[in-house]
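# Structural overview for review
Spelled out from the first residue to the last, the chains are:
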Amino acid sequence: MFMPIQINDNSSEPLYAQITYQLRALILSGHLEEGMLLPSIREFANQLQCSVITVRRVYQDLESEGLLRTKQGTGTFVAQVHAEERARYRRQAVEQALEEAVDAALRVDITKEELEQLMQEVILRKWH
């Protein structure tokens, strides 16, 4: 099974964090449905061209968050995620991106008004 995870070798973000963030997003957005069998740790590591240890850590951490469940001898599955948790995640993801945009604007001395205008332009362009 192919997992749509994109690794950026030039990112300052560690490989483990990139995989965790993207897999969490796929689960909480509903792209990976409850009960879906994930690739084995070895398969996923081969697909991502990373170590088995990295994928094992990702799976274990997402399992401790309640997003995955492992059945011995059967595999790792997407756990049930409640609608409230999905809504909270969606909001947090957008809020984080907006905070990063505001931080970038502050670094280059863009005024609040300029940023608001730019945000409106981006919204109009994206929701054409």
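Residues numbered from 1 in each chain as written. Predicted model: local features only at pLDDT ≥ 70, side-chain atom pairs only at ≥ 80, totals over all residues. Heavy atoms only, no water.

## Some words on the packing of aromatic side chains
- One pass over the structure, following the stated rule, counts 1 aromatic pair.
- It is Lys71 that lies over the ring of Phe77; its NZ or CZ is 5.5 Å from the centre. (Phe/Tyr/Trp six-rings, centres within 6.5 Å; stacked < 30°, edge-to-face > 60°. Lys NZ or Arg CZ within 6 Å of the ring centre and 35° of its normal.)

## Focus: the confidence of the model for the chain
- Confidence along the chain averages 92 in pLDDT terms, with 99% of residues attaining 70 or more.
- For the chain, the element scoring lowest by mean pLDDT is helix H4 (residues 83-107), at 89; strand S2 (residues 75-78) scores highest, at 97. (pLDDT = per-residue confidence, 0-100. Helix = DSSP H or I, 4+ residues; strand = E, 2+ residues; numbered from the N terminus.)

## Some thoughts on the pattern of salt bridges
- A full pass over the atoms with the stated rule returns 2 salt bridges.
- When the shortest N-O distance is used, the salt bridge between Glu65 and Arg24 registers 2.7 Å. Of the two residues, Glu65 is situated in the loop between helix H3 (52-64) and strand S1 (68-71) and Arg24 in helix H1 (residues 15-28); the sequence distance between them amounts to 41 residues.
- For Arg24, a relative accessible area of 21% gives the class partly exposed.
- Its salt-bridge partner being Asp61, residue Arg57 comes within 3.9 Å of it at the nearest N-O pair. Of this pair, Arg57 and Asp61 both sit in helix H3, 4 residues apart, which is roughly one turn of the helix. (Salt bridge = Lys/Arg side-chain N within 4 Å of Asp/Glu carboxyl O. Buried < 20%, exposed > 50% of the residue type's maximum accessible area, 1.4 Å probe, protein only.)

## Details of the packing of H1 against H3
- Between H1 and H3, whose axes approach to 10 Å, the crossing angle comes to 45°. Relative to H3, the element H1 lies oblique. Classified by chirality, the crossing of H3 by H1 is right-handed. For the pair H1 and H3, contact is made by Leu15, Tyr16, Ile19, Thr20, Leu23 and Arg24 and by Thr54, Arg57, Val58, Tyr59, Asp61 and Leu62, respectively. (Axes fitted to C-alpha atoms, helices over the stretch in contact; angles between N-to-C directions. Parallel < 35°, antiparallel > 145°, perpendicular 65-115°, else oblique. Left-handed = near helix turned anticlockwise from the far one by under 90°. Contact = heavy atoms within 4.5 Å.)

## Section: H1
- With 14 residues, H1 should cover 20 Å at 1.5 Å per step; its first-to-last C-alpha distance of 20 Å lies within 8% of that length.
- Taken as a whole, H1 has its buried residues at Tyr16, Gln18, Ile19, Thr20, Gln22, Leu23, Ala25, Leu26, Ile27 and Leu28.
- Looking at the packing, one finds that the buried side of H1 touches helix H2 (41-48), H3, S1, S2 and H4.
- Looking one or two residues past H1, Gly30 carries a phi angle of roughly 90°, positive in sign. (Expected span 1.5 Å × (residues − 1).)

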